[in-house]
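Next come the chains, spelled out residue by residue.
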Amino acid sequence: MARTEARIFTSIWNDDDFLALPPGAQRLYMFLLSQRELTYCGTMPLRERRWAPKAAGLTTGDIERDLKELEGCGNPSANPGLRQPFIITDTETGELLIRSMLRRDNAWKQPNLLKQAMESAQEVESPKIRGALLAEVRRLPVDESPSAQVKTLVAEFIEDLD
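Residues numbered from 1 in each chain as written. Predicted model: local features only at pLDDT ≥ 70, side-chain atom pairs only at ≥ 80, totals over all residues. Heavy atoms only, no water.

**Regarding the pattern of salt bridges**
Where we set the bar: Within this document, salt bridges are pairs made up of a side-chain nitrogen of Lys or Arg and a carboxyl oxygen of Asp or Glu, the two lying within 4 Å of each other. Only DSSP runs of H or I with at least four residues qualify as helices, and only runs of E with at least two residues qualify as strands; both kinds are numbered from the N terminus onward. Summary of the burial criterion: residues with accessible area below 20% of their type's maximum are buried, those above 50% are exposed, and those between are partly exposed, where the area comes from a 1.4 Å probe applied to protein chains only.
In total, this model carries eight salt bridges according to the counting rule given. One salt bridge in this structure joins Glu37 and Arg47, with 2.6 Å as the shortest N-O distance. Here Arg47 lies in the loop between β1 (43–45) and α3 (48–51) and Glu37 lies in the loop between α2 (23–33) and β1, a separation of 10 residues in the sequence. On the accessibility criterion, Glu37 (29% relative accessible area) is partly exposed. Of the charged contacts in the structure, one is a salt bridge between Glu136 and Arg103, with a shortest N-O distance of 3.0 Å. Of this pair, Glu136 sits in helix α7 (residues 127–138) while Arg103 is found in helix α5 (residues 101–105), placing the two residues 33 residues apart along the sequence. A network of salt bridges, in which partner residues are shared, links Arg99, Arg103, Glu136 and Arg139.

Given below as structure tokens:
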């Protein structure tokens, strides 16, 4: 099932790492969050050429530059304190991960959405993205969940990715 909405928390405007990004990278991040192909685990196909016509004058070169900024490697001198990348891309497999989406979107708190995230994660081919996703799943605050089912599913998710 395709997503029909995106959650963007107002706290993003208090995030020093996000505020340090150039405007194009910030806009691309919000664009990526609102794509219907984005799965509940935060993955999607990497499609720069498809995204370029979505704004007048935007080029694939602009998108590639902004993707590098979101990965934290676009301009290291401008972002020396960048702790974590916003996205992970794998050009070999044509995949992209919005790193913190599963955790921040709170889909993991709902067993049915968590199951959908697990199913979509099984389709990820990139070892790089699977590793980053595993690290994010391990960061989920499952102890805060009163749901035994969620705790069991997260443990299975970690086992599947490991």
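**Some words on the packing of α7 against helix α8 (residues 148–161)**
Using the following cut-off: All axes here are fitted lines through C-alpha atoms, helices being fitted over the stretch that makes contact, and every angle between N-to-C directions spans 0 to 180 degrees. An angle counts as roughly parallel when it lies under 35 degrees, as roughly antiparallel when it exceeds 145, as roughly perpendicular when it falls between 65 and 115, and as oblique in every other case. For any helix crossing, the convention is left-handed if the near helix is rotated counterclockwise from the far helix by under a right angle, and right-handed if that rotation is clockwise. Contact definition: two residues touch when any of their heavy atoms are within 4.5 Å. Note on residue categories: nonpolar means Ala, Val, Leu, Ile, Met, Phe, Trp, Tyr, Cys or Pro, charged means Asp, Glu, Lys or Arg, and polar means any other residue, Gly included.
Running from amino to carboxyl end, α7 crosses α8 at an angle of 155°, the nearest separation of the two axes being 10 Å. Taken as axis vectors, α7 and α8 run roughly antiparallel relative to one another. In terms of crossing hand, the pair formed by α7 and α8 is left-handed. Only Val154, Phe157, Ile158, Asp160 and Leu161 of α8 make contact with α7, whose side of the interface consists of Arg130, Leu133, Leu134, Val137 and Arg138. Taken together, the residues that form the contact of α7 with α8 break down as seven nonpolar, no polar and three charged.

**A few points about the packing of helix α6 (residues 111–121) against α8**
At a closest axis distance of 10 Å, the pairing of α6 and α8 adopts a crossing angle of 5°. As summarised for this structure, α6 and α8 are arranged roughly parallel, according to the angle between their axes. Residues Pro111, Leu114, Lys115, Ala117, Met118 and Ala121 of α6 pack against Gln149, Val150, Leu153, Val154, Glu156, Phe157, Asp160 and Leu161 of α8. Partitioning the contact of α6 with α8 into residue classes produces 10 nonpolar, one polar and three charged.

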